[in-house]
Amino acid sequence: MTSTRLVLALALAPAVAAAGALLLPGCGGDPSTAVQQRPAGEPTPAAGAAAPAGPARTATAPANGFGDGIAWRGLEEGFREAASLGRPIMLVVHASWCSQCKALRPAFSDPALVDLSDRFVMINVDQDLEPASQQYGPDGRYVPRVLFFDAAGELDRELLNASRRRYKYYYSPHDDLVGAMRQALERHAKS
C-alpha cells in the first residue's frame, strides 16, 4: 500500500506544485489539508489582470442557465452594487421561451468569460418577469440583448455587436462576448 501512495504522490507532484499547494507529510494526500505556499514576493492569483481582491462573490439572482459560475445580480441590486463598487455592468436581457437565448446560454460557461465576469457587476433578467428591463432596449426589445454600462449606470451605446447592422446589442453563440467584455473594461474599469 505504501508503494502505491508513493507512486501516486510522485505522479501528482507536478500538478500539485503547479497549483501552488504543498501536501505535508502525514496528511494522507487529502487536498483539504494542503497548505498554499508561494515564494516570497510572488503575486497571488488575484493580482494583475485578475478580479479585485476580496471575498468570493456569490450569485444573489438565478443564473437562468447563463453560467452557474457567475455572481449574477438582479436589476436594481446590480445597478446599486455597480455604483457602490465602481464596477461596470454587463446586462443580459433574455426570455425563457426564446430559442436564441437558450442557444446563447453555453457561452456563459466559457472560462474566459467567467473569469472576466468577476470584474463586472453581472445582471441577468428575464424581461417577462422583470418589466423594468424593457427600458433597456436602445434599438428594440428583442432578446437576447447584452448591454454594457459604466459604474454610474450610463449605457455605453458604442459597446455593441459590431457585426450587426440591426439589433446591435444582439449576440449569438458565435459572436465575441469575451472581446466585448474586454473592450468594456478598457473603457470603464478603474485602473
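Bear in mind that the values here come from a model prediction, so they are computed numbers and not experimental data.

Peer 1: In this structure, what is going on with the sheet that holds strand β4 (residues 89-94)? I would like to understand it.
Peer 2: Two orientations exist for strands paired in a sheet by backbone hydrogen bonds: parallel and antiparallel. In space, the four strands of this open sheet follow the order β3-β5-β4-β6, with mixed pairing throughout. Only two strands of the sheet have a single neighbouring strand rather than two, namely β3 (72-73) and β6 (145-149). Here five bridges tie β4 to β6, and the two strands are oriented antiparallel to one another. Bridged to Val93 within β6 is Arg145. Packing against the sheet, helix α2 (residues 75-85) makes contact with β3, β4, β5 (121-126) and β6, and its axis sits at approximately 165° to β5. Against the sheet, helix α5 (residues 177-188) makes contact with β4, β5 and β6, and its axis sits at roughly 15° relative to β6, the strand it touches most.

Peer 1: How should the side chain of Arg73 be read in this particular structure?
Peer 2: Positionally, Arg73 belongs in strand β3. Within the local environment of Arg73, its side chain forms a polar contact with the side chain of Glu81, the two groups lying 2.6 Å apart. With residues up to four places along the chain from it excluded, the contact list for Arg73 reads Arg57, Thr58, Ala59, Thr60, Ala61, Gly78, Glu81, Val121, Met122, Ile123 and Asn124.

Calculation criteria
Residues numbered from 1 in each chain as written. Predicted model: local features only at pLDDT ≥ 70, side-chain atom pairs only at ≥ 80, totals over all residues. Heavy atoms only, no water. Pairing = 2+ DSSP bridges. Helix = DSSP H or I, 4+ residues; strand = E, 2+ residues; numbered from the N terminus. Contact = heavy atoms within 4.5 Å. Axes fitted to C-alpha atoms, helices over the stretch in contact; angles between N-to-C directions. Polar contact = N/O pair within 3.5 Å; in protein donor to acceptor, adjacent residues only side chain to side chain.

In short, geometric facts, not functional conclusions.
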